[in-house]
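# Notes for the structure review
Listed here are the chains, written in short residue letters.
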Amino acid sequence: MSAAPESQRMEKIVSLCKRRGFIFQSSEIYGGLNGLWDYGPLGVELKRNLKNYWWRMMVHERDDVVGMDGAILMNRSVWKASGHEDTFTDPMIDCRSCRARLRGDQLVEKKGVKQCPVCGGKDLTEPRAFNLMFKTYVGATEDESSLTYLRPETAQAIFVQFKNILEIARKKLPFGIAQIGKAFRNEINPRNFTFRSREFEQMELEYFCRAEEGMKLLEYWKEERLKFYENIGIPRTRLHVLTVPDDERAFYSKGTYDIEYDFPFGRQELEGVAYRTDYDLVQHQKASGKPLEYFDEETKQKFIPHVVEPSAGVDRTVLALICEAYSDRVRSAGVIVARMKSARRLGSPSISKRSVKKTQNFATRSRCANAIP
Ligand SMILES: [Zn+2]
C-alpha cells in the first residue's frame, strides 16, 4: 500500500480522529462553530499526558522554574500596555465576487495579480486591520468601562505577576515562570483542523535573565525544546528550525526561532522560541507605575530582567503526534495499527499510572479492524 497523497491523508486523519474519539467538531449537532473543537475520550488522555510531561520537564525537574495559573480575563490595561489592543491584528480582505473573508497573506497571486483562493475572483477590497482579540464585558454594564478581552496569550499574566512571584519564590536570575492555559484568537479564517483554531491551549515559559545572557539562552532553549519533541516521539527529521528574519520578527525581539513540523498540509510552526528582551516588563512598569525591577544582591544593582520565551501549542503538538502515529501505520504497509506509541511514552508511570493504563486501554481498542480508513 502506498502512502495516500498528502491532502487525502489529512482528510483521513480528521475522520479517524472523530471515529476513534480523539477530536470532534464543537457543537456538532447544531452544525458546529468554525475554528472550535472538542477532545473526546482518547484525545483528552493524549492531551493531558502531553501537558503533564511538559510540566514535569519544565517545572518539576528544574530548580530554576516555578509555575502559575492565571485568570483568562484580565484588566484591559494589560492589553493596552502590551500593545495587543493597538497592534494585535491581521490584514483582512474581502472578495466582492464570492464574499469570502480572507487574510491578506492567504491570497494567491497569478501573473502578478492577487486572486481570491476560493473563487479566483480579482475584485478584492483593500486590506484593513482586524483585531484578533475576542471582546467581552465584565459586570452588568456593557460599555467601554467594562470592556476587556479573552486573553490571546498566557504570557502577559506571567509578566504582570512577575513581582509577586519574584518575592515569594526567592529565585536568582536566570529563572523562569511557566504556565499552561487557554488562549483565544478570533482568526479570520481558521483552518487545517485544530492547527489554527479560535480557542487553543498554550504551554509557555518566560525565562528571565540578564541582558547579556539573552542570546545564549535563546540557543539553549531552542535545543532543549527540540529534545522535548524528540522525547515525545516526533523524529528530528520532521522537525525544522526556522530563524525568523529580522523584518518578520516582533520589533522588540532580538532573535526568534520557529520550531516547525512537517504536517500533511505543509511545514508549520509548533513552537516559537523568542528572545523578547525587557520589552514586556518595561511596558508594564511604565503603564502601571509599579516597579518591576530585580535587585541583584551581589552587585547591588536594580534592573528590569530580559526574557526568553519558549511558547508551545498544546493542540498543535497533539495534532503532530496524531499525524506521526498515522504515518507510522501507513508505512507499515497497512498491516496494522495505531500504536499510539507517543501516547504511551507520554504517559510515564511516574505521572499517573491510572491515566497511562487508561490511555493504553484506549489505544489497544483503537487497534482493531477498520482503524485504517
Ligand atoms: Zn472569491
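See the structure printed just above.
Residues numbered from 1 in each chain as written. Predicted model: local features only at pLDDT ≥ 70, side-chain atom pairs only at ≥ 80, totals over all residues.

## Describing the pairing of strand β4 (residues 89-94)
In terms of strand pairing, β4 meets strand β8 (residues 128-131) through four bridges, oriented antiparallel. Within β8, the residue paired with P91 across the bridge is A129. Between the antiparallel neighbours β4 and strand β5 (residues 101-103) lie six residues, among them R99 with a positive phi of about 65°. (Pairing = 2+ DSSP bridges. Helix = DSSP H or I, 4+ residues; strand = E, 2+ residues; numbered from the N terminus.)

## Describing the environment of H306
As for its position among the elements, H306 is in strand β18 (residues 306-313). When the 25 C-beta atoms within 10 Å are taken as the criterion, H306 is described as buried. Those residues within four positions of H306 in sequence are excluded, and the remaining contacts are C209, R210, A211, G214, T277 and D278. (Buried ≥ 20, exposed ≤ 12 C-beta atoms within 10 Å, placed from the backbone. Contact = placed C-beta atoms within 7 Å.)

## Observations regarding the sheet that holds β18
Read across the open sheet, the seven strands follow the order β3-β11-β12-β18-β15-β14-β13; overall the sheet is mixed. Looking along the sheet, the strands with just one partner apiece sit at the ends: β3 (65-67) and β13 (239-243). Within the sheet, the average angular offset between the axes of one strand and its neighbour, ignoring direction, is 25°. Sheet topology places strand β11 (residues 175-184) next to strand β12 (residues 199-209); 10 bridges connect them, and they run antiparallel. Within β12, the residue paired with Q179 across the bridge is E204. Most of the contacts of helix α2 (residues 41-60) go to β11, to which it runs at about 160°, and overall it touches β3, β11 and β12. (Axes fitted to C-alpha atoms, helices over the stretch in contact; angles between N-to-C directions.)

## Section: unusual backbone geometry
At the junction of L173 and P174, the peptide bond is cis and its omega measures out at -5° in the coordinates. Residue placement: P174 occurs in the loop between α6 (162-169) and β11. Phi is positive for F193, close to 60°, though the residue is something other than glycine. With respect to the helices and strands, the residue F193 is situated in the loop between β11 and β12.

## With respect to the nonpolar core
Y207, V308, A320 and I322 are the most contacted members of the largest nonpolar core, which has 66 residues in total. Among the elements that take part in this core, helix α9 (residues 314-331) stands out by supplying nine residues, more than any other. Not counting residues within four places of it along the chain, the set of residues in contact with A320 comprises I234, Y261, F263 and L270. (Core = buried A, V, L, I, M, F, W, Y, C linked by C-beta atoms within 7 Å.)

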